[in-house]
Amino acid sequence: MANRTPKRPGGWLDRHPGFVSILAAAGLFGLIQGSFLLSRALGFPGGWPMIWGMLKLGLLSGMLTWLLLIPLVLLARRLHPAWRRGERLRASWSVCLAMAAALAAWMGAEWLASGLRLPEASQPWIAIIVALAAGLAASFVRLPERFLRIAAGLTVLLTVLAVLPLGPGFPTGEPPSVEPAVVAAPDDAPDVVLVSIDTLRADRLGAYGRSPSITPELDRLAAEGVVFSRTLASSPWTVPSVASMLTGLSSLRHGAGLPLSSGLTYRRSPLENRFTTLAEHFTAAGYRTRAAVSNPFLASEMGMAQGFQQYESPFSAAMGAIFMRELPLGRLVLSLFPVEGWADFRAEGITERALEWLSEPEPAPLFLWVHYIDPHSPYQADPRSLDLSAMRDEVRNLPPPVLGDGTVVGESFAATSFVRSGVLWLSPQDRERIQEYYDLEVRYLDEQLGRLFTALRTREGRRPAVLAFTADHGEEFWDHGHFEHGHDYYREVTEIPLIFWSPGSIPAGLRVDTPVGLVDVAPTLLELAALQAAPLEGLAEGRSLRTLWTDDAQAAGEQPPRFSGNNLYGLPAVLVEAGPWRYILRANGAEELYDVIQDPGERHNRAAEQVEIAGLFRQMLEPRLALFLRNAAQPESGISEETLRALRSLGYVR
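Residues numbered from 1 in each chain as written. Predicted model: local features only at pLDDT ≥ 70, side-chain atom pairs only at ≥ 80, totals over all residues. Heavy atoms only, no water.

1. What about the confidence of the model for the chain?
Regions with low pLDDT should not have their predicted coordinates read in detail. Put simply, the rule reads: As a per-residue quantity, pLDDT reports the predictor's confidence and falls between 0 and 100. Working rule for contacts: check all heavy atoms of both residues, and any pair within 4.5 Å makes them a contact.
Residues at a pLDDT of 70 or more form 86% of the chain, whose mean pLDDT is 85. Predicted confidence is poor over residues 1-10, with pLDDT under 50, and the contacts of this stretch with residues over four places away or in other chains come to 1 contact.

Written as structure tokens, this is what we have:
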């Protein structure tokens, strides 16, 4: 029998076939997951931080998935025919590729099945069958060893990029770190609390005319403070309005929320750090600054976190959970850790965080901003439920199923985009149900706000407290034929509640009917805290409202005209409110003029009757509309002296 020449030991790839195959498959699967998440997140606010975050989440989840699958890979490859032939690399890679293909197909099939609204009972089985077929087909694919070496090396590089920061200057989405001021606040400095509500119509509050009232806690607050009956939102959607609330600047001046792309509606400009926010003023004065916000548009990368030492956005965490549920490992993790523990964006969760900060035994005063999103879509029959499925449907942009009675509004409704675009028509029963859900959400919000207000009233031995309550915008329920918000300027969207409260400092039960704006919140809070801020220039910028409740007979007279602009959807338009008038100018030249004292529902357009007044307002708004059409944030040019004289002669500006 001839002697055989012993084989020389193979290369590194031959000696570690399982490790190399798992490494290559992990990188491939991570890229698939990252691409999958990016396709779902396109169009959402965030820019590079969002893009990088989705890729990072997909990559890291892919690596961890394969780490957990190692025992299964090592077992399954021994059952492969190639293993019995001594082809260890072939067997290892075949098993890994089959598993990667099966998991990727499962994700895609499940998404497609839910998008097609197939019966829920059949969706898991469809995804399993597709996954098995894809895995079986992939097991027969043969790739050159060079591909495995490259893929394994790429996986190592991707892992490093996913774990390590990319260095200074690269946007990470994390709020900027803010050091406490060196100065100490005065001993008598009050704690200042700013409460803003997303999508809250003023007419849903008993203090603003709702009867019977569904907001007893807010009504009590209003009875103990000063109520402004005509407050104009700076925009019919969140980003520009909140930026104005935090800076005292008009939506044209700060430029937050302008489109960044002609193709992606939700890619909008952030609030630039060259503007000084309320939090920066309070931090510089020795305050602790805290914020808990619920709206993805208020994530730190949108610039609203400037100046806050702690800035929490549980809604953003919940959005991340929705994306994670699309990943195999993410679904497993989320089933073990309920979202209530780390992403409670309900009024209950936001209030709990606010109460924790209010109870901190710190010597420095507190500036606290809490932003609630409960009245916002998706509308739910049970607002106490932290149900991510409704948010998932909204993210997926799926049409609602038709119910047995022919309606489409079930226990929750998230298909607002279909209604807004005209693709979906809602029956009277559907419309009534949506408004019923909205009222339930407002009622639930009021209950949770009551906990916060009670804590402020009963703080014995603590600093005095100043509170401002408002909203970023309202909501349309077909008042003028439209639904939702972001595209029009009628009162149901742009007239918001505004209440100031501070026992002993602010009179109780006073109502001010002078038109004011969301831009006036910041300078008013700064004056109530006895802080000095640089005066803002231009009539469109905010000013303190304190004189409207301290001077006899409201001797301060009329406030300057207040403006609203930078809508999210539809034809660009702008609004000015002064005296009894509200004037809307649209990009197609159409104009509307309403006397809201005589016509509070804005049913009678008087632009053709009151030509002089409409002409004055048009002269104000045409330059502003032109800048919005160019997506250009510009310093406020103000109002010409001629226009001011004309307005004064009509009694609208003093």
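Resuming the write-up.
2. Some thoughts on the sheet that holds strand β14 (residues 562-565)
Our working rule: Pairing between strands requires that DSSP locate at least two bridges from one strand to the other. Helix numbering and strand numbering both begin at the N terminus, where a helix is a DSSP run of H or I of at least 4 residues and a strand a DSSP run of E of at least 2. Every axis corresponds to a line fitted to the C-alpha atoms, with the helix fit spanning only the stretch in contact, and the corresponding angles, defined between N-to-C directions, vary from 0 to 180 degrees.
If you trace the 4 strands from one edge of the open sheet to the other, you get β14-β15-β16-β17, paired in antiparallel fashion. Looking at the sheet topology across the chains shown, the edges are occupied by β14 and β17 (591-595). Between one strand axis and the next, the sheet turns through 15 degrees on average, direction left out of account. Here β14 pairs with strand β15 (residues 573-578) via 4 bridges, running antiparallel. Bridging from a neighbouring strand, Phe563 pairs with Val576 of β15. On top of the sheet, helix α21 (residues 611-629) reaches β14, β15, β16 (581-586) and β17; it is set at about 45 degrees to β16, its chief contact.

3. Quick word on the packing of aromatic side chains
Going by this rule: Here a pair means two rings of Phe, Tyr or Trp (six-membered ring of Trp) with centres within 6.5 Å. Their orientation is stacked below 30 degrees between planes, edge-to-face above 60, and tilted elsewhere. Only protein chains enter the area calculation, which uses a 1.4 Å probe; residues under 20% of their type maximum are buried, those over 50% are exposed, and those in between are partly exposed.
This structure, assessed with the given rule, holds 20 aromatic pairs. Ring centres 6.4 Å apart and planes at 45 degrees place the aromatic pair Phe477 and Phe483 in the tilted group. Each member of the pair, Phe477 as well as Phe483, is classed as buried. An aromatic cluster of at least three residues, connected via ring pairs, comprises Phe282, Tyr287, Phe308, Tyr311, Phe367 and Trp369.

4. Looking at unusual backbone geometry
That bond from Ser211 to Pro212 is cis: its omega, 0 degrees, falls within 30 degrees of zero. Along the polypeptide, Pro212 turns up in the loop between β1 (191-197) and α8 (216-223). The amide bond that connects Ser377 to the next residue, Pro378, takes the cis arrangement and shows omega of 5 degrees. With phi around 60 degrees, Ala530 is a residue other than glycine that occupies positive phi space. By the element assignment, Ala530 lies in the loop between α19 (521-528) and α20 (547-550). At Glu602, a position not held by glycine, the phi torsion is positive, near 55 degrees. Tracing the chain through its elements places Glu602 in the loop between β17 and α21.

5. Looking at the nonpolar core
Across soluble globular proteins, nonpolar side chains show a tendency to be buried alongside one another. So the rule is basically this: Side-chain atoms within 4.5 Å link the members of a nonpolar core, which is a set of buried Ala, Val, Leu, Ile, Met, Phe, Trp, Tyr and Cys residues.
In this structure, Trp369 and Phe469 are the most contacted members of the largest nonpolar core, which totals 105 residues. Here the element with the most residues in this core is helix α17 (residues 428-457); it accounts for 10 residues. Beyond its immediate sequence surroundings of up to four residues, Phe469 is in contact with Val195, Ile197, Leu200, Leu205, Leu218, Leu221, Leu449, Pro497, Leu498 and Ile499. Core analysis: the second largest hydrophobic core is formed by 48 residues, Phe36, Met107, Leu148 and Ala151 among them.

6. Quick word on the pattern of salt bridges
Our working definition: One speaks of a salt bridge when a side-chain nitrogen belonging to Lys or Arg is within 4 Å of a carboxyl oxygen belonging to Asp or Glu.
Counted according to the given criterion, the structure contains 34 salt bridges. Note that Glu224 and Arg457 form a salt bridge whose closest N and O atoms lie 2.9 Å from each other. On the criterion of sequence distance, the pair formed by Glu224 in the loop between α8 and β2 (226-232) and Arg457 in helix α17 is long-range, its members being 233 residues apart. Across the salt bridge formed by Asp344 and Arg346, the nearest N and O atoms sit 2.8 Å from each other. Arg346 sits in the buried class, given a relative accessible area of 10%. Overlapping salt bridges, with partners in common, bring together Arg201, Asp203, Arg204, Arg210, Asp439 and Asp479 in one network.

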